[in-house]
Amino acid sequence: MKKPRALRGFRDIYSEEWEKFWSIYETFRERLDLFNFSWIETPILERLSLFVRSVGEETDIVQKQMFSFKDRGGREVVLRPEGTAGVVRAFIERGMVPPKKLAYFGPMFRAERPQKGRYRQFYQIGAEFIGFSGYLSDVEGVLAAYLPLRDLGLEVEVRINTLGNVDTKNRYAEALKNYLEGMDDLCEDCKRRRERNPLRVLDCKIDGPRLNPPDILDFLSEEERHNFERTLKKLAEMGIPIVRDPNLVRGLDYYTGIVFEMVAKDLEAAQSTILAGGRYDNLIADLGGKPTPALGWAAGVDRIALLYKGKTKRRPLYFVVRTSHELKEFAFEILVRLREEGKRADMLYEDRSLKAQMRHAHRSGARWVVIVGEEEYVRGMYRLKDMETGEESLVPL
Ligand code: ATP
Ligand code: MG
């Protein structure tokens, strides 16, 4: 019979890799706790219209990356491609009172071409600052994203830009359209984008890097420019490795104001962005809430796991073995007791030779082996073998 296989772009994450996911999650959790975040779990399935209205009709996500279908009641639904829309929906629907800091961790789904660091189901840890305005909250947003990555021992560059408010963004888009007008060597996607969403051309992995477009800085109002400069100055003073990237615009429509990406030096360029975010001051009103300034970001956990070299946080393993089958129950008692003492402990249940049990303990990565023998049983003791040094000692029960 043919073996079952996961769908293309979908994968199983297990053992060591899943341990890394937990370490990454715990690191973000601890750091975001210092920022006074609460956590939220929103549904994986949402209405299609939520993402069309928030992420934007002309974005890659909505145009070609969503897993959408009709449910049994004929409703148009989608496996969420990102986390912000759901959190904002919950904020509005639950009548939450700003200011609110909400963080999440969970799977997202996008039908894109699978490759290393790019999957159809991937995991994000995200943070939303809802009801926050002013340059210090921009600084705080970047800090809350950068510090957990630093805690994880990752070296990143923080690329930063601003899009200004809707008016600024529109005027810039117009100028960009004029600039792109005469260019006939753009890729097919960009020829379409140039008309309907010119900012997206800058984000294109093919055309973006070789353009020399007008700079948004020349389109900002006095106040926007001042705020952006103060944000950059403050972050630099705090030792955050920021680089202004005038071509950084982000692929989602809801961004206004500051936008940023954290890029890892050790990953291939197309998958090197491990975290991205920005300000979205109009999204909450656009989705039917009261006008509320906000910003947020999402980190790609799968990509961070590719880079993470730190230790995972498991307890050392105690493996219990016995010299004869008659001692199985006694060995089990000791096993239960070890766990009561807060130790990670295991044993084999089928009857195997001592040698086979030892081999299994070694393969399982045991740090300690607890050897239960006839003689020790009579004396109410067990032998403890240190698997790193090979030394043995007697331990009374
Ligand atoms: P990219 O330009 O790499 O496609 P994006 O701009 O589409 O990224 P965002 O929507 O901003 O990504 O998501 C934030 C982060 O989530 C990304 O920086 C990345 O680390 C991660 N991410 C996005 N899509 C995927 C994917 N298909 N597989 C794994 N991680 C992903
Ligand atoms: Mg993408």
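What counts, and at which threshold
Residues numbered from 1 in each chain as written. Chains lettered and ligands numbered in written order. Predicted model: local features only at pLDDT ≥ 70, side-chain atom pairs only at ≥ 80, totals over all residues. Heavy atoms only, no water. Helix = DSSP H or I, 4+ residues; strand = E, 2+ residues; numbered from the N terminus. Buried < 20%, exposed > 50% of the residue type's maximum accessible area, 1.4 Å probe, protein only. Contact = heavy atoms within 4.5 Å. Core = buried A, V, L, I, M, F, W, Y, C linked by side-chain atoms within 4.5 Å. Domains from an automatic or database assignment. Expected span 1.5 Å × (residues − 1). Polar contact = N/O pair within 3.5 Å; in protein donor to acceptor, adjacent residues only side chain to side chain. Near = heavy atom within 4 Å. Areas by Shrake-Rupley, 256 points an atom, 1.4 Å probe, with all protein chains shown as cover. Nonpolar A, V, L, I, M, F, W, Y, C, P; charged D, E, K, R; others polar.

Participant: Can you tell me about the overall build of the protein chain, naming the residues and giving the values?
Facilitator: Along its length, the protein chain carries 14 helices and 16 strands. Expressed along its principal axes, the backbone C-alpha trace of the protein chain runs to roughly 90 × 55 × 45 Å. For the protein chain, buried positions account for 51% of its 397 residues. Considering only intrachain contacts with a sequence separation of at least 6, the fraction spanning at least 24 residues in the protein chain is 69%.

Participant: Outline the nonpolar core, supporting the account with residue identities and numerical values.
Facilitator: Judged by nonpolar contacts, the single largest core of 97 residues is most densely connected at F28, L149, F260, M262, I274, W297 and I304. With nine residues, the single largest contributor to this core is helix α5 (residues 135-151). Beyond its immediate sequence surroundings of up to four residues, L149 is in contact with F28, L154, V156, M262, I274, L275 and I304. Membership of the second largest hydrophobic core comes to 14 residues, among which are V320, L335, A345 and V370.

Participant: Just give me the short version of the domain arrangement of the protein chain, but keep the residues and values in it.
Facilitator: Once the domains are mapped, the protein chain shows domain 1 (15-165 + 221-307) and domain 2 (317-396). A C-alpha centroid distance of 48 Å is found between domain 1 and domain 2.

Participant: So what's going on with helix α6 (residues 166-181)? Which residues, and what values?
Facilitator: Between its terminal C-alpha atoms α6 stretches 22 Å, which fits the 22 Å expected from 16 residues at 1.5 Å a residue. Turning to α6, its buried residues number three or more, namely T168, K169, Y172, A173, A175, L176 and L180. Those residues of α6 that are buried are in contact with α7 (188-196), α8 (199-202) and α9 (222-237). Looking at where α6 begins, the residue whose side-chain oxygen comes 3.1 Å from the main-chain nitrogen of D167 is N165.

Participant: Break down the side chain of D386 for me, citing the residues and quoting the values.
Facilitator: Along the chain, D386 falls in strand β15 (residues 381-386). What makes D386 buried here is its relative accessible area of 12%. One polar contact links the side chain of D386 to the main-chain amide nitrogen of E388, over a distance of 2.8 Å. Once you skip the residues sitting within four places of it in the chain, D386 turns out to touch R367, W368 and E391.

Participant: Mind laying out helix α1 (residues 15-34), listing which residues take part and the relevant values?
Facilitator: Over its 20 residues, α1 extends 29 Å from the first C-alpha to the last, a length consistent with the 28 Å expected when each residue adds 1.5 Å. Along α1, the residues that are buried comprise E19, F21, S23, I24, Y25, T27, F28, R31 and L32. Buried residues along α1 sit against β1 (38-39), β5 (100-109), β6 (121-130), α5, β11 (294-300) and α11 (301-307). Looking one or two places after α1, you find N36, whose phi comes out positive at around 65°.

Participant: An account of the site of ligand 1 is needed here, citing residue identities and associated values.
Facilitator: Among the 16 residues in the neighbourhood of ligand 1, the closest are listed as R110, E112, R118, R250 and T273. In this structure, an oxygen atom belonging to ligand 1 sits 3.2 Å away from a side-chain N or O atom of R303. Look at ligand 1: alone it shows 580 Å² of surface, and the protein chains cover 91% of it. Elements with a contribution of two residues or more to the shell around ligand 1: β6, β10 (273-279) and β11. If one sorts the elements of the shell around ligand 1 by residue count, β10 sits on top with four residues. Residues belonging to the shell around ligand 1 are distributed by class as follows: six nonpolar, four polar and six charged.

Participant: Which residues make up the environment of R113, and what values go with them?
Facilitator: Position of R113 among the secondary structure elements: in the loop between β5 and β6. Classification of R113 as exposed rests on a relative accessible area of 59%. Sequence separation between R113 and R8 is 105 residues; the distance between their C-alpha atoms is 9.3 Å. The contacts of R113, once residues within four sequence positions are left out, are R8 and R118.

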